[in-house]
Structure formats: C-alpha cells, structure tokens
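So you can see what is in the structure, the chains are spelled out below.
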Amino acid sequence: MHWHGLYQIGTPDMDGAVGATQCAIAAGGNFTYIFKADPPGTAWYHGHMLEQYTDGLFGLLIIRRQSEPYQDKYDTEQVLMVSDWYNFAARAKLTAWYLSTNNPDGIEPLPDAIVINGKFTKSLFIPASRTSRIRFRVINAASLSMYNVSIDGLPLHIIELDQQDTVPYNVSSFVINVAQRVSFYVDLRELDPMYSQSGMSPTNSIFIRFQAMTNMYPVDILHYIPPYVIPRFPYPTFFNSLYLAILSLDSTNSTPAYEPRDLIPVLPSVNLPSDTNMLAARPFNQSGYMIPDATYYLNLLVKFDLDNTGINRGYINDVTYAFQGNYTKVRANLIVGIKPVRKEPLLHQMATRPNTLGLPSPRIQAGSSLPTIQNDGFGNYFVPYGAIVDILINNTDAGEHPFHLHGASFWVISTSEYPEAETLYRQAYIKRDVVSVPASGWAKIRFVADNPGAWMFHCHIEWHMAAGLMLTFIVSPTQLLAQGFTISNRQLDLCSTV
Ligand SMILES: [Cu+2]
C-alpha cells in the first residue's frame, strides 16, 4: 500500500511500492506500516501493484496540524474524492485488452462513469446554508481522467496543492489531474446574486461540477463502445463527461431549479489559471523560502511505441519499465526489468550489495553544463546524496501525463503551457508531488535528493504505469547504509511468503 504524498524520511521501506521498496503482501497476509505522518495536508493511499487501485483499492488520508493556516476562513470541511468507474475488472479484463496486440494504438480503457465519494452523478448532496464557509479537499483518484472543477456562482479560494499551503488563489474553476489534490474554501455569502431566492435562477441548491476533460481521451468517448464490450442496442450507458454534485443551501436536498446547461455567470475578481498546474498560485509563507540551484540534470523523453511483440508500451528514454523480482508470479511476459540478478526489491538490493548494483554515475553530456543523471538500461537512475536535480520531462505523446515522485515533493519551475513561470516566480516556485506534463509539451521540475531510498517516478495514469511509463531513482545506497538502514525481518518475511 502506497501512502501518496508522504515523504517517508528515514523509512524508505514504508513507501509501499511493490518491487521498489517491498515485496507484495500475500493474499490473506498482513503487514503493519509504521511511519511519520509528514507532510501535513490532503494525502491519499492506494495499492501500488498491478491495477489494484482502479478496482477500488484506495482511500483518503488527511494529516491535520494543531492549527491550519486559514482555519479562520471556514467552519466545516468536505471531501470530494473523484474517480473513474469501470464496469469491468481492471487486471482481468481491461489490461488484458489494453496491453495486447489487439490494441496497437494503445487506446486506454475508458471509464464508464464518474464517481465522487462512491456516488454517481446527481446523487451526492453536500449540506450547506447561505452563510456557510466550507473547506473542500478535492482528490483525483481516477485511473485516467482529469477534471475541470467549479461550483456555480462561487469563487474558489485555493489554499493547498498536493500538501503544500498556498496564499489564497481565487479562481472560478481549476483543473486537477490524476493523483493531484487541491484544497479550497468557499464562502456562501459570496454566491452570485443570480442564484439567490429572488435572483434570475431562484434556487435552493447549486451544482458542483466535475467536467471530465474529454480532449484527453484518445477517441470520442461520448459515442464509443470499447471492443471488449458486447454491445447491447440501444446502448444505454454512454459516458457522461459532466458530473454534478449538489450543494444544498437548505435542508431539503432538492436539485437545483435551473438546468446545468444554463449559462454560468463570469465571476468578478477571480483568476483564470493559465495552466493546469496553477503555477501562478504562490507558496504560503515565502519568507525563508529558499530554492537551491540545480547541481544535476536529467532529460526524460516520454513516448509510446510498439515493442517487438506488437504491444503498445510507454517508454522513458527508450526504456519501458517492468519489474521482475516479486512480480514474477503475477506478470508472465516481461519485456525488460530491474536487473534480474536477484529477485528482490530494489531497496533490498541497495542494502545488501550497495557496491555491485551496476548503476552508472552522472556525467557531463551535451545539452547541459551540469552532470546528467544516468540510467542502467533498465530504468533505474543513480542519484548522489544531496543532489539537486533539474528534470526536463519531454512529452512526445498527444496526451497529458501526470508524473508523480515518491519520497519527496518537487518545485514546478515551468511548463510548455507557462514557460514564463521560470523567470516570473524565481525563488518562489510552488511545490507539488504530481506535475501535469502538457500534451506534446514539457515540464521542468527540481527536487532535492536528501532522502536515501528507491523512489519511483512515474505517470500516474494507471494504464500508463502498466504500460511501463515509470522509472526509479536510486538515491545513494552509501548514505542509506550510513544512516543505519537495515531490512527488517518483517520485510524479509513478506518476500519469503510471496
Ligand atoms: Cu501517462
């Protein structure tokens, strides 16, 4: 089980990434995770093996402080955890088709519906009043979809992105990609008068909108029957890309008195984020906020292509990532994998044979004056302890990809959507743990490798992870051992039972 967003400083074996940091928990077995709840904020947890979280193995993890930076701005909290609903089991049915020669274009299995907090559209009611002040925590636990989020007639005051506090950043809508988290508060007294009882649309409730970004799907999802579905005509359940939750302004839980297609008024005094990652949001408490200069460089080329068996795979720098080790019993056909010397998690290999991992050292290459981080041909990248790494993610694919780093968050410096951010926000970039890399574009991020361990870096679209769009940073075996890390007996027990 992966604890998404937690740093796991000093507990690299508690990250829950099967193959990288541990062996899988056998069916019927158990394992107790012990770690520090850090950093505070809106996190989540999910299975990190095969496509288990697509099938529902995920949940919410909120880490609270004694006092929150803007707790005087809201009185209650609500969670909106959105996910893609699939009618079929991920591993047995969907991946079997997705990663097959029947799908050479690599069309992702497309969701059948959108679900928030376990409810379908128009069935989730959030209680409120016309004077409520509510903090919403939005978590995108989808396997594929990104969403545009808004609440009719209300400015959204964003105060947290991926467990990082921001100065309130006022928007009328925002985009949230897979695995990202956004907190905002609303004050119902700011509701546009159009929605008052005497306004143009007298109503006792308003819509909370999650609009799936249909341009990111590879086919016309609104009129699409997947090839693994036996069509029943008239086909009754085409995907509805607009999810509507209902913010009830009285105790009646009535649906809004207006149609969702009615015009949404433009709100005064809000920003329109010019990019998916909201780079214009400013970090909270900028005094003492120091961003060190990069000391290392890494250029990652993301692409999809057919492998030599005719299956469409994801590649980072020409490597499609797959585990051997403890995946051998569940994944039959390996393309390439971690060095198949020993079938044990990377973190265990770091501890047991730190000097014979065969990982090349950084070296100067064309394109940067900084030493470039190298990989071993299997997608494992050695990073020296204390390295400050600039990563340029080049996306040759026509889809947007949410890249997630384990064990640390990173500064988002700029993207092809917002290249000016690099100079505009110098010394005050926001931090996140998922960056949305624009379609046919790029993103530049920076992280500090001060937490020894085996940390995955991957696209968080579950299908793309299955397709191999993943790598692992091996942060300093030497420092790992110097800090006294040993593989616990409980971890070894897991490996002996899988
Ligand atoms: Cu992706």
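This write-up is about the structure you can find in this document. Every value quoted in this text rests on a predicted model; they were computed, and no experiment measured them.

**Focus on the overall build of the chain**
Along its length, the chain carries six helices and 27 strands. A compact globule built from 498 residues would reach a C-alpha radius of gyration of about 23 Å, and the chain, at 23 Å, matches this within 12%. The burial tally for the chain puts 58% of its 498 residues in the buried class. Within the chain, residue pairs in contact and separated by at least 24 positions form 76% of the contacts whose partners lie at least 6 positions apart. Total accessible area on the chain stands at roughly 19500 Å², and carbon and sulfur atoms take up 53% of it. Separation of charge centres in the chain, based on 33 positive and 41 negative side chains, amounts to 4 Å.

**What about the state of the cysteines?**
Overall, the coordinates contain one disulfide when judged by the stated rule. The disulfide partner of Cys23 is Cys495, and the S-S distance across this bridge is 2.0 Å. Between Cys23 and Cys495, the S-S dihedral sits near 95°, and the bridge is therefore right-handed. Here Cys23 is found in the loop between strand E1 (2–4) and strand E2 (41–46), whereas its partner Cys495 is found in helix H6 (residues 489–497), with 472 residues between them in sequence.

**Some remarks on the nonpolar core**
By size, the foremost hydrophobic cluster in this structure holds 115 residues, and its most contacted members are Phe136, Ile151, Phe174, Phe210, Leu247, Phe403 and Phe473. Filtering out sequence-adjacent residues up to four positions away, Phe210 remains in contact with Leu80, Val82, Ile114, Ile116, Val138, Tyr147, Asn148, Val149, Ser241, Leu242 and Tyr243.

**A word on the pattern of salt bridges**
According to the stated counting rule, one finds 18 salt bridges in the structure shown. The salt bridge involving Asp162 is made with Arg432; its shortest N-O contact spans 3.0 Å. Note that Asp162 is positioned in the loop between strand E9 (156–161) and strand E10 (164–171) and Arg432 in strand E23 (residues 431–432), a separation of 270 residues in sequence. With relative accessibility at 1%, the residue Asp162 sits in the buried group. A salt bridge links Asp318 to Lys303; the shortest N-O distance between them is 3.1 Å. Of this pair, Asp318 sits in the loop between strand E16 (312–316) and helix H2 (346–352) while Lys303 sits in strand E15 (residues 296–306); the two residues are 15 residues apart in sequence, bridging distant segments of the chain.

**Let's talk about the packing of aromatic side chains**
Going through the model one piece at a time under the given rule, you end up with 23 aromatic pairs. Note on Tyr98 and Trp463: the rings are 6.2 Å apart at their centroids and 70° apart in plane angle, and the pair reads as edge-to-face. A residue pair is termed long-range when its members are at least 10 positions apart, and Tyr98 in helix H1 (residues 90–98) and Trp463 in helix H4 (residues 462–466) qualify at 365 residues. For Tyr98, a relative accessible area of 0% puts it in the buried group. Judged by centre distance (5.3 Å) and plane angle (75°), the ring pair of Phe207 and Tyr258 falls under edge-to-face. Of this pair, Phe207 sits in strand E13 (residues 205–212) while Tyr258 sits in the loop between strand E14 (242–248) and E15, placing them 51 residues apart in sequence. This pair shows no difference in class: Phe207 is buried, exactly as Tyr258 is.

**A few points about the sheet that holds E14**
The five strands lie next to each other as E6-E14-E13-E8-E11, forming an open sheet whose pairing is mixed. Single-partner strands in this sheet number two, and they are strand E6 (125–127) and strand E11 (174–176). When the angles between neighbouring strand axes are averaged without regard to direction, this sheet yields 25°. Both E13 and E14 contribute to a ladder of seven bridges, which runs antiparallel. Paired with Phe207 across the strands is Ile246, a residue of E14.

**Re the sheet that holds strand E7 (residues 133–140)**
A sheet is described by the order of its strands in space; here six strands give the open sequence E5-E4-E7-E12-E9-E10, paired in mixed fashion. Single-partner strands in this sheet number two, and they are strand E5 (113–116) and E10. Adjacent strand axes in the sheet meet at a mean angle of 25°, parallel and antiparallel pairs treated alike. Taken together, the seven bridges between strand E4 (residues 76–85) and E7 define a ladder with parallel strand orientation. Residue pairing for E7: Val79 is matched across the bridge by Arg137.

**Here's the deal with the environment of Tyr169**
Within the secondary structure layout, Tyr169 lies in strand E10. Relative accessible area serves as the criterion here: at 8%, Tyr169 is assigned to the buried category. In sequence terms Tyr169 and Met194 are 25 residues apart; their C-alpha atoms lie 23 Å from each other. Residue contacts for Tyr169: discarding those within four places in its chain leaves Leu156, His157, Ile158, Asn271, Pro273, Met278, Ala280 and Ala281.

Analysis parameters
- Residues numbered from 1 in each chain as written.
- Predicted model: local features only at pLDDT ≥ 70, side-chain atom pairs only at ≥ 80, totals over all residues.
- Heavy atoms only, no water.
- Helix = DSSP H or I, 4+ residues; strand = E, 2+ residues; numbered from the N terminus.
- Rg over C-alpha atoms; globule rule 2.2 N^0.38 Å.
- Buried < 20%, exposed > 50% of the residue type's maximum accessible area, 1.4 Å probe, protein only.
- Contact = heavy atoms within 4.5 Å.
- Areas by Shrake-Rupley, 256 points an atom, 1.4 Å probe, with all protein chains shown as cover.
- Lys, Arg positive; Asp, Glu negative; His and termini not counted.
- Charge placed at Lys NZ, Arg CZ, Asp CG, Glu CD.
- Disulfide = S-S within 2.5 Å.
- Core = buried A, V, L, I, M, F, W, Y, C linked by side-chain atoms within 4.5 Å.
- Salt bridge = Lys/Arg side-chain N within 4 Å of Asp/Glu carboxyl O.
- Phe/Tyr/Trp six-rings, centres within 6.5 Å; stacked < 30°, edge-to-face > 60°.
- Pairing = 2+ DSSP bridges.
- Axes fitted to C-alpha atoms, helices over the stretch in contact; angles between N-to-C directions.

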